[in-house]
Amino acid sequence: QVQLAESGGGAVQAGGSLRLSCEASRLFFSIYDMAWYRQAPGKQRELVATVSSNIDTTYADSVKGRFTISRDNAKKMVTLQMNSLKPDDTAVYFCHAHQLTSGRQYWGQGTQVTVSS
């Protein structure tokens, strides 16, 4: 059974940094596009950043210049470095894997990020 295990969430003051990690198991990791989503209370889940199997990256406008997504295929891991955090970044952050040709996709269980002002 495929598993995506997130870690690194926590509470931080505005302006601080956190680094989220997502480790995949039982997944042919290198062929999957990886992404981080987030969901704040009362809001829809939104895409934060993606890194494709070709290492192309995209970012939501709200996090451009502050967040960096990267992947390590050897470790089957994707990370999200979050700097200059704002209270609006408070949400549960989810790791997502998607394989375009097969359509297979998987979600992690989520990790809480709380940014106080």
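Relevant structure appears above.
What you see is a predicted model, and the numbers here were worked out from it, not measured in a lab.

**Q** Please clarify how the sheet that holds strand β7 (residues 67-72) should be interpreted in this entry.
**A** Each strand in a sheet pairs with its neighbour through backbone hydrogen bonds, running either in the same direction (parallel) or in the opposite one (antiparallel). Taken together, four strands build an open sheet; the order of strands is β1-β3-β8-β7 and the sheet is antiparallel. A strand with exactly one partner marks an edge of an open sheet, and here the two such strands are β1 (3-7) and β7. When the angles between neighbouring strand axes are averaged without regard to direction, this sheet yields 15°. Where strand β3 (residues 18-25) and strand β8 (residues 77-82) come together, six bridges link them in antiparallel fashion. Bridge assignment links L18 to a residue of β8, and that residue is M82.

**Q** For this particular structure, what's the right way to read the state of the cysteines?
**A** Any covalent bond linking the sulfur atoms of two cysteines counts as a disulfide. For the coordinates displayed, the defined rule picks out one disulfide. At a sulfur-sulfur separation of 2.1 Å, the disulfide partner of C22 is C95. Between C22 and C95 the disulfide shows an S-S torsion of about -80°. By sign, it is left-handed. Here the residue C22 occupies a position in strand β3, and C95 occupies one in strand β9 (residues 91-98), the gap between them amounting to 73 residues. We classify C95 as buried; its relative accessible area is 0%.

**Q** How should I be thinking about the nonpolar core in this particular structure?
**A** One recurring pattern in soluble globular proteins: nonpolar side chains tend to sit buried together. Within the largest apolar cluster, 29 residues are counted, with the highest numbers of intra-cluster contacts made by M34, W36, V78, L80, M82 and Y93. For this core, the secondary structure elements donating two or more residues are β3, β4 (33-39), β5 (46-51), β7, β8, β9 and β11 (111-116). M82 has contacts with G16, S17, L18, L20, R66, F67, Y93 and V113, leaving out every residue within four places of it along the chain.

**Q** What should I look at first to understand the pattern of salt bridges in this one?
**A** If charged atoms from side chains of opposite charge come close, those side chains can pair. Summed over all chains, the structure comprises four salt bridges. The residue E46 makes a salt bridge to R38 at a minimum N-O spacing of 2.6 Å. With relative accessibility at 5%, the residue R38 sits in the buried group. Of the charged contacts, one joins D89 and R38 as a salt bridge, the two residues approaching to 2.9 Å between their closest N and O atoms. In this pair, D89 sits in the loop between β8 and β9 while R38 sits in strand β4, placing the two residues 51 residues apart along the sequence. Given a relative accessible area of 2%, D89 falls into the buried group. Connected through shared salt-bridge partners, R38, E46, R66 and D89 make up one network.

Thresholds applied
Residues numbered from 1 in each chain as written. Predicted model: local features only at pLDDT ≥ 70, side-chain atom pairs only at ≥ 80, totals over all residues. Heavy atoms only, no water. Pairing = 2+ DSSP bridges. Helix = DSSP H or I, 4+ residues; strand = E, 2+ residues; numbered from the N terminus. Axes fitted to C-alpha atoms, helices over the stretch in contact; angles between N-to-C directions. Disulfide = S-S within 2.5 Å. Buried < 20%, exposed > 50% of the residue type's maximum accessible area, 1.4 Å probe, protein only. Core = buried A, V, L, I, M, F, W, Y, C linked by side-chain atoms within 4.5 Å. Contact = heavy atoms within 4.5 Å. Salt bridge = Lys/Arg side-chain N within 4 Å of Asp/Glu carboxyl O.

Such coordinate-based values are descriptive only and should not be taken to indicate function.
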